[in-house]
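# Summary of structural features
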Amino acid sequence: MSQDFLARGMAAAQRRDLASTQAGQGAALIGTEDGRTVTACLADLKGALTLKAFGARGDGTTSDHTALLSLSNRSDTIIVPPGNYLIDNSTVRQINYFRGRLICSPGVTFTFTDKSQRGLHFYGGSPKLSGLRLTTRDAPLSRELNAPMLCIDEASDVVIDDLEVVRSAGAGALFRLCSGFQGSNIRIRNTLADGLDFFNSSKIALTNFLSENTGDDGLAFLSYTSLAQSYDIVARNIIVKNSDTRGISVVGPERVIIDGFTVESTRGTGVIVYQDTANGLRQPGNVKISNGIIKDAGQRLVSGTYSGNRYGIEIANCGDADFLNIHIENCAASGFVSSNTQPSVLTSRNVRVKTSGDKGFHVSVPSGGAWHHDGCETIDTQGHGFNSTVAVGGIMTFGTRIVRQGAMAGGGNGVNNRAISDSIGGAVAGRSTVIIDNQAANTGYIYYNDGNGNGSVGDFDFTTSSGYYAFQQNANNIALQGIRRSKRSNQLTQVSGSIALSGTRGEQDYFTTAALTGALDIVLPTFGLWHNAEFSLSRFDTSGSYAVTFKSGSTTIAAIEAGGNPAKMVVRYDSVNNLWRKAGRYDL
């Protein structure tokens, strides 16, 4: 080592400790990052300086801000020995064009005296930082958007490993206009703004990130139209807890992958992908989000209020987006919502919504757009399990979709009892729908379909523990391929007069338990395609001997005459000629 190095204050004992392989020395005094081995780090120490060589004391009472500013324009490795480094940041200054490594030993903390100002700020260069612990001397009382605890501007090939931020008036860490970022093992807690922000930064690789108790979004990727586009972002193993706005926000960037995440307890939406035109942000596109859990989205109450929409996942005005293997539970409003107006492709596979305050899936498909979904399921939703609107020129395809106990807030009949509501103006191609309602009194027992689109919604499998299931089919050109059921019998409530089955559809048996008080007409639906549909009615001797007639419009299709023996009448839809026919009459 040079005499200059010795003259700058590294004692011989310190050099021996850093080079030693004994326990508690050597590797134990430094951090490692970017997959580098301890041996590689020790090799760097041959030319390393310590921060104390620049006048830092680390005694917790004397400001070491000047020593930090001395890192400007350096490209060597700087070791920070254990200590509490007090930083007087009342005058905001920055470290310019640092291209070296700053390696903090265990036991290092940087404490900033002015809780309302920016903390550690790097501009330009290629900083590589390891083992940083940043905090304020006093807890901040008000939010300061321009006061992140760590700020890195216009840098390239940034490396951050083992960063901890506790308390910040602004974001915990902000990376702005950076190209090339590798970050791992980052923990941010107790901020008054976002946890971790990336503004118009590209080529980002983030792994093992935790934010907790943030005053705004936990993790945000933003791309403003006034600056260069942000692209190529990969974030893995992400945990966001107790966010005062949203958990994860993707607003503007292109080519984004978020894989392996947990969002728990947010004041607003759990995960959002959208274009914020009001604040000058771009439309995001080619976004892939997978393998995650969203719990208690929109349920976090702060000062007696919530924040904005309170969905599990929200998509609005974005390009192509793909969601895979995601569990959403106990969100305050709807679970999965897309209000896209852009002609893009939305894909959701194996997305499950459990216990939502409104609908499970609420998706609008614009003209030129498409929604492909498969293996999606809702459980215990207050509103519809699935609510889709496909505009003319839009496309919806699905493999299997499942609704268990939908429309739990429903009551009576009609719109409030729809397990699924499809409004198809474009095209649909579906394979299978399963609707299960095991509540004591059925609520979500209706499949509803309207619109002037075309295609098929596939086959249906109904299970109801009490009461009946029903179709409300107002779409003339939408076909069903078949109906399976585990609940066969339905009780007619009318005992005289006319009961209309328009909108009620399926292979269903009807029976009466009360005595008929007059002739009963059952009016079959005359609209829509009714492949495989069949209705049957049984009149027992205890029901009375009045006539029961099936009608299509004013035409009688079949009847059980007045008087006579108990009997069963069956009518079936003729799919070839598109009309109802008598299928059989049986004495009981």
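Residue positions are given per chain, counting from 1 as you read along its sequence in written order. Under the rules for a predicted model, residues below a pLDDT of 70 receive no local features and side-chain atom pairs below 80 are neither given nor counted, while totals for whole chains, interfaces and linings still include all residues. Hydrogens and water molecules were not included; the side-chain quantities draw on all heavy atoms of the structure.

## Side note on the overall build of the chain
By definition, any uninterrupted DSSP run of H or I lasting at least four residues is a helix, any uninterrupted run of E lasting at least two residues is a strand, and each is numbered from the N terminus. Each helix and strand counted, the chain has four helices and 48 strands in total. Buried residues are those whose accessible area, probed at 1.4 Å on protein chains only, stays under 20% of the maximum for their type, while exposed residues exceed 50% and partly exposed ones sit between those limits. Across the 588 residues that make up the chain, the buried fraction comes to 55%. The contact criterion used throughout is that any non-hydrogen atoms of two residues lie within 4.5 Å. A separation of at least 24 residues holds for 65% of the contacts in the chain among residues at least 6 apart in sequence. On the chain, roughly 22,100 Å² of surface is accessible, and the fraction owed to carbon and sulfur atoms is 46%. Accessible surface is estimated by sampling points in the Shrake-Rupley manner with a 1.4 Å probe; for residues, cover comes only from the protein chains shown.

## Looking at the pattern of salt bridges
Each salt bridge in this description consists of a side-chain nitrogen of Lys or Arg and a carboxyl oxygen of Asp or Glu lying within 4 Å of one another. Applying the stated criterion to the full structure yields 19 salt bridges. Salt-bridge contacts for R187 lead to D162; the nearest nitrogen and oxygen are separated by 2.9 Å. With R187 in strand 14 (residues 179-191) and D162 in strand 12 (residues 156-168), this residue pair connects regions lying 25 residues apart in the sequence. For R189, the salt bridge identified is with E212, shortest N-O distance 3.3 Å.

## Focus on the environment of P82
Structurally, P82 can be placed in the loop between strand 3 (77-80) and strand 4 (83-87). Residues P82 and D59, 23 residues apart in the sequence, show an inter-C-alpha distance of 9.7 Å.

## Quick word on unusual backbone geometry
Positioned with a positive phi, D157 is a non-glycine residue whose angle comes to about 50 degrees. Here D157 lies in strand 12. Not every positive phi belongs to a glycine, and K203 is a case in point at roughly 55 degrees.

## Examining the confidence of the model for the chain
A residue's pLDDT is the confidence the predictor assigns to it, expressed on a 0 to 100 scale. A residue-level look at the chain finds 79% of positions with pLDDT of 70 or above and a mean pLDDT of 84. Low pLDDT, under 50, characterises residues 486-491; the predicted model gives this stretch 22 contacts beyond four residues in sequence or across chains. Note that pLDDT drops below 50 for residues 502-507; the model gives that stretch 33 contacts with residues more than four away or on any other chain.

## Here's the deal with the packing of aromatic side chains
Any Phe, Tyr or Trp ring, taking Trp's six-membered ring, that has another such ring centre within 6.5 Å forms a pair; planes under 30 degrees apart are called stacked, those over 60 apart edge-to-face, and the others tilted. Applying the stated criterion to the full structure yields 13 aromatic pairs. Arranged with centres 6.1 Å apart and planes meeting at 40 degrees, the rings of F98 and F122 form a pair that is tilted. Taken together, the residues F98 in the loop between strand 5 (95-96) and strand 6 (101-104) and F122 in strand 8 (residues 120-123) connect sequence positions 24 residues apart. By relative accessible area, F98 is classed as buried at 0%. Plain terms: the ring middles of F323 and F336 are 5.4 Å apart, the flat faces sit at 85 degrees to each other, and that makes the pair edge-to-face. In this pair, F323 is assigned in strand 24 (residues 321-331) and F336 in strand 25 (residues 336-338), connecting sequence segments 13 residues apart. Aromatic rings pair up to connect F323, F336, F361, W371 and F386 into one cluster. Charge over a ring is defined by NZ of Lys or CZ of Arg lying within 6 Å of the ring centre and within 35 degrees of the ring normal. The ring of F386 has R401 sitting right over it, with the charged end atom 5.9 Å from the ring centre. We note R418 situated over the ring of Y448; from NZ or CZ to the ring centre the distance is 3.5 Å.

## So, the nonpolar core
A general trend in soluble globular proteins is that nonpolar side chains are found buried together. In terms of nonpolar packing, the biggest core is built from 94 residues, with L51, F110, F175 and F323 touching the most fellow members. Looking at this core, the element that brings in the most residues is strand 24, giving five residues. When near neighbours in sequence (up to four residues on either side) are disregarded, F323 contacts V273, I289, I313, I315, F336, L346, T347, S348, R349 and V351. Among the nonpolar cores identified, the runner-up in size contains 15 residues, and V548, I557, A558 and I560 belong to it. Residues belong to a common nonpolar core when they are buried Ala, Val, Leu, Ile, Met, Phe, Trp, Tyr or Cys residues joined through side-chain atoms within 4.5 Å.

## Side note on the pairing of strand 18 (residues 231-243)
Successive residues of a regular strand alternate their side chains across the two faces of the sheet. At least two DSSP bridges between two strands are needed for those strands to be called paired. Note: strand 16 (residues 202-214) against strand 18, nine bridges, orientation parallel. Note on strand 18: the bridge partner recorded for I204 is I233. Pairing between strand 18 and strand 20 (residues 254-266): ten bridges, direction parallel. Directly across from I233, in strand 20, lies its bridge partner V256.

## Some points on the pairing of strand 28 (residues 370-374)
As paired elements, strand 26 (residues 345-356) and strand 28 share five bridges and run parallel to each other. Counted as the bridge partner of R349 is D374 from strand 28. In the sheet, strand 28 pairs with strand 31 (residues 395-404) via four bridges, with the strands oriented parallel. Bridged to A370 within strand 31 is I395.

## A closer look at the environment of R349
Of note, R349 is situated in strand 26. Note: C-alpha distance between R349 and G375 (26 residues apart in sequence) is 5.7 Å. Those residues within four positions of R349 in sequence are excluded, and the remaining contacts are D322, F323, L324, N325, D374 and C376.

## Here's the deal with the layout of surface pockets
Reported here for the largest pocket is a volume of approximately 440 Å³. Throughout, the protein atoms alone are placed on a 1 Å grid, and a set of points is a cavity if a 1.4 Å probe fits but cannot get out or a pocket if it is open with protein on both sides within 12 Å along at least five of seven lines; lining residues have an atom within 4 Å of a point. Together, 23 residues line the largest pocket, and D194, F199, D216, L222 and Y224 are the ones closest to its centre. Elements that contribute at least two residues to the lining of the largest pocket include exactly strand 13 (173-176), strand 15 (196-199) and strand 17 (219-222). Just so you know the grouping, Ala, Val, Leu, Ile, Met, Phe, Trp, Tyr, Cys and Pro go in nonpolar, Asp, Glu, Lys and Arg go in charged, and all remaining residues, Gly too, go in polar. Of the residues belonging to the lining of the largest pocket, the class tally is twelve nonpolar, three polar and eight charged. Grid points are joined across faces, edges and corners, and a volume is the space filled by probe spheres set on the points.

## As for the environment of T341
Within the secondary structure, T341 is located in the loop between strand 25 and strand 26. For T341, a relative accessible area of 52% puts it in the exposed group. Those residues in contact with T341 that sit more than four places away from it in its chain are N317 and P366. Residues adjacent in sequence count toward polar contacts only when both atoms are side-chain atoms; beyond that, a polar contact is any pair of N or O atoms within 3.5 Å, and within protein one must be able to donate a hydrogen and the other to accept it. A distance of 2.6 Å separates polar atoms of two side chains, one belonging to T341 and the other to N317.

## Quick look at the side chain of T266
Relative to the helices and strands, T266 is located in strand 20. Since its relative accessible area comes to 0%, T266 is described here as buried. A polar atom in the side chain of T266 sits 2.7 Å from the backbone oxygen of G268. Excluding its chain neighbours within four sequence positions, the residues that come into contact with T266 are S243, T245, R246, G247, D296, A297, G298, Q299 and R300.

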